[in-house]
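Commentary on secondary and tertiary structure
If you want the building blocks of each chain, they are given just below.
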Amino acid sequence: MQVSEPGQCKRMLTIEIPLEEVEKEEAAVFRKLKSDLKIPGFRKGRLPEKYIWKNYGDVIHSDAVQNLLPQIYEMALMKEKIAAVGDPNFESIKGKKGEPITLEVSVEVRPDISLKKYRDIEVLV
């Protein structure tokens, strides 16, 4: 993970989701989809796995990535100790099925403010 500061109130996070986590989430989405699919000629929950992966593989992958994004984003903020203000902006999500996912997230943060020598100021009345 990399953090860059394109502005005083903005942080850009570059995060990579390992292939193992993506595959684990795909398996969870697959199990749910398999139990919910109703295809004529097959009993509910008894579809062949190859049929599901062939016809719904892209949907399974995109749902898995969508499920992982909030979790990975929150973990990245906690790890880097970034206090985000507002919602994140997912700028680019790259990675195909069978590859790790790389994403860039821009986040607004509070500006760092430091007060300097305010005790020595004289007030004229």
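These notes cover the structure that comes with them. Keep in mind that this is a model prediction, so the values were computed, not measured.

**A short note on the environment of E5**
Within the fold, E5 resides in strand β1 (residues 2-7). Each C-alpha atom of the pair E5 and K117 lies 27 Å from the other, and the pair is 112 residues apart in sequence. Aside from chain neighbours lying at most four places away, what touches E5 is K10 and R11.

**Observations regarding a nonpolar patch on the surface**
On the surface, I113, L115, Y118 and I121 cluster together into a nonpolar patch covering about 510 Å² of accessible area. Along the chain, I121 turns up in the segment after β4 (101-108).

**A look at the environment of A27**
Its location among the elements puts A27 in helix α1 (residues 19-36). A relative accessible area of 29% means that A27 is categorised as partly exposed. Counting along the chain gives 72 residues from A27 to E99, while the straight-line C-alpha distance between them is 15 Å.

**Overview of the side chain of S106**
Tracing the backbone through its elements, the reader meets S106 in strand β4. A distance of 2.9 Å separates a polar atom in the side chain of S106 from a polar atom in the side chain of E91. Discounting residues that sit within four places of it in the chain, S106 has contacts with K10, R11, M12, P88, N89 and E91.

**Details of helix α2 (residues 49-80)**
For α2, which comprises 32 residues, the first-to-last C-alpha distance of 40 Å sits more than 12% below the rise-based estimate of 46 Å (1.5 Å per residue). The sharpest bend along α2 reaches about 75° and sits at Y56. Packed against the buried residues of α2 are β2 (10-17), α1, β3 (89-94) and β4. Remark: K81 follows α2 within two positions and exhibits a positive phi of approximately 55°.

**Some remarks on the packing of aromatic side chains**
Overall, the coordinates contain three aromatic pairs when judged by the stated rule. With a centroid separation of 5.1 Å and 5° between ring planes, the pair formed by F30 and W53 is classed as stacked. Residue F30 is found in helix α1, and its partner W53 is found in helix α2; the two are separated by 23 residues along the sequence. By relative accessible area, which is 8% here, F30 ends up buried. Here W53 falls in the partly exposed class, since its relative accessible area comes to 28%.

What counts, and at which threshold
- Residues numbered from 1 in each chain as written.
- Predicted model: local features only at pLDDT ≥ 70, side-chain atom pairs only at ≥ 80, totals over all residues.
- Heavy atoms only, no water.
- Helix = DSSP H or I, 4+ residues; strand = E, 2+ residues; numbered from the N terminus.
- Contact = heavy atoms within 4.5 Å.
- Patch = residues over 30% accessible without salt bridge, like charges linked within 9 Å, V, L, I, M, F, W, Y side chains within 5 Å.
- Areas by Shrake-Rupley, 256 points an atom, 1.4 Å probe, with all protein chains shown as cover.
- Salt bridge = Lys/Arg side-chain N within 4 Å of Asp/Glu carboxyl O.
- Buried < 20%, exposed > 50% of the residue type's maximum accessible area, 1.4 Å probe, protein only.
- Polar contact = N/O pair within 3.5 Å; in protein donor to acceptor, adjacent residues only side chain to side chain.
- Expected span 1.5 Å × (residues − 1).
- Bend = angle between axes of the 7 residues up to and from the residue.
- Phe/Tyr/Trp six-rings, centres within 6.5 Å; stacked < 30°, edge-to-face > 60°.

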